[in-house]
Amino acid sequence: MYLKEVKKRYPSSKNIFFGPCCSLFPDQIICEKSIDFVITAEPEEAIEGIITKKNMPEIPNICYQNENGIVLNDEKGLDLKTIDYHIEYSIYLAFLRKHNLKSPAFLFFEISRGCIYDCFFCSLLSHKTLRHKDIDFAFNELKTIVKKTKINNIFFTDNELNFSNDYLEKFLDLIINTSLYSFSENIYH
């Protein structure tokens, strides 16, 4: 209902639907006329392709309708080791300030995706390739987030932290041995 209202008021808007179950039923979801795209796997490249108006067949991880019917593009996992950009929170924080909303008490952060196990309750939803960010990149990204947002309560959203005890130990040592408080002026708890 709300999506139909958005489409009515803003006809040029693009409604994008995604979440963990979208890979299971994209053809049923896309039949809802007010949804333009269903993202069937990791969203980063798909959203970038949609925003930059790439040719539809070139955008991975999307389902959409065209004159020939429902199209389901190939899935492609994100290579976390080659990421060279940081999440930008400035627009989000500007929105909070504009509407006089409180900053959140914590932010989400991710260093890995995928899982090596085939548990019956989630194997259909998991990307089977286990990947993780470069340790220095992940730590510097975390520092950047804390510095820009002034929030140092971080909630790790990783699917699994089972990829390497060495990696995890080094990453946590970096966090423990570096005071994240020194990167922010105000601490929100």
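Let us look at the structure shown here. What you see is a predicted model, and the numbers here were worked out from it, not measured in a lab.

Examined against the element boundaries, leucine 3 turns out to sit in helix H1 (residues 2-9). Considered as a pair, leucine 3 and serine 34 are 31 residues apart in the sequence and their alpha carbons are 5.8 Å apart. Not counting residues within four places of it along the chain, the set of residues in contact with leucine 3 comprises Asn15, Ser34 and Ile35.

Counting residues in each nonpolar core, the largest one holds 18 residues, and the members touching the most others are Phe109, Ile111, Leu142, Tyr167 and Phe171. With 6 residues, the single largest contributor to this core is helix H5 (residues 135-149). The contact partners of isoleucine 111, leaving out residues within four places of it in the chain, are Leu80, Arg131, His132, Lys133, Ala138, Asp158, Leu161, Phe163, Tyr167 and Phe171. Formed by 7 residues, the second largest nonpolar core is a distinct cluster that contains Phe37, Ala46, Ile50 and Ile59.

Take the pairing of strand S4 (residues 69-72) next. The sheet contact formed by strand S3 (residues 62-66) and S4 spans 4 bridges and is antiparallel. By the bridge assignment for S4, tyrosine 64 is matched with valine 71. Linking S3 back to S4 in an antiparallel pair, the connection comprises 2 residues.

Counting through the fold element by element, glutamate 42 comes out in the loop between strand S2 (37-39) and helix H3 (44-51). Reaching out from glutamate 42, the side chain makes a polar contact with the side chain of arginine 113 at a distance of 2.9 Å.

The next subject is the packing of aromatic side chains. Any two aromatic rings considered together are summarised by their centre-to-centre distance and by the angle between their planes. Overall, the coordinates contain 6 aromatic pairs when judged by the stated rule. When the ring of phenylalanine 106 is compared with that of phenylalanine 155, the centres are 6.2 Å apart and the planes differ by 50 degrees; the resulting orientation is tilted. A residue pair is termed long-range when its members are at least 10 positions apart, and phenylalanine 106 in the loop between helix H4 (90-98) and strand S5 (107-109) and phenylalanine 155 in strand S8 (residues 154-156) qualify at 49 residues. On the basis of relative accessible area, phenylalanine 106 is assigned to the partly exposed category, the value being 42%.

Positive phi values are uncommon outside glycine, yet asparagine 100 reaches one of about 55 degrees. Of the residues examined, asparagine 100 reaches a relative accessible area of 72% and is grouped as exposed. Of note in this structure, lysine 150 is not a glycine but carries a positive phi near 65 degrees. Looking at where lysine 150 falls in the secondary structure, it is placed in the loop between H5 and S8. By relative accessible area, which is 21% here, lysine 150 ends up partly exposed.

Cut-offs and rules
Residues numbered from 1 in each chain as written. Predicted model: local features only at pLDDT ≥ 70, side-chain atom pairs only at ≥ 80, totals over all residues. Heavy atoms only, no water. Helix = DSSP H or I, 4+ residues; strand = E, 2+ residues; numbered from the N terminus. Contact = heavy atoms within 4.5 Å. Core = buried A, V, L, I, M, F, W, Y, C linked by side-chain atoms within 4.5 Å. Buried < 20%, exposed > 50% of the residue type's maximum accessible area, 1.4 Å probe, protein only. Pairing = 2+ DSSP bridges. Polar contact = N/O pair within 3.5 Å; in protein donor to acceptor, adjacent residues only side chain to side chain. Phe/Tyr/Trp six-rings, centres within 6.5 Å; stacked < 30°, edge-to-face > 60°.

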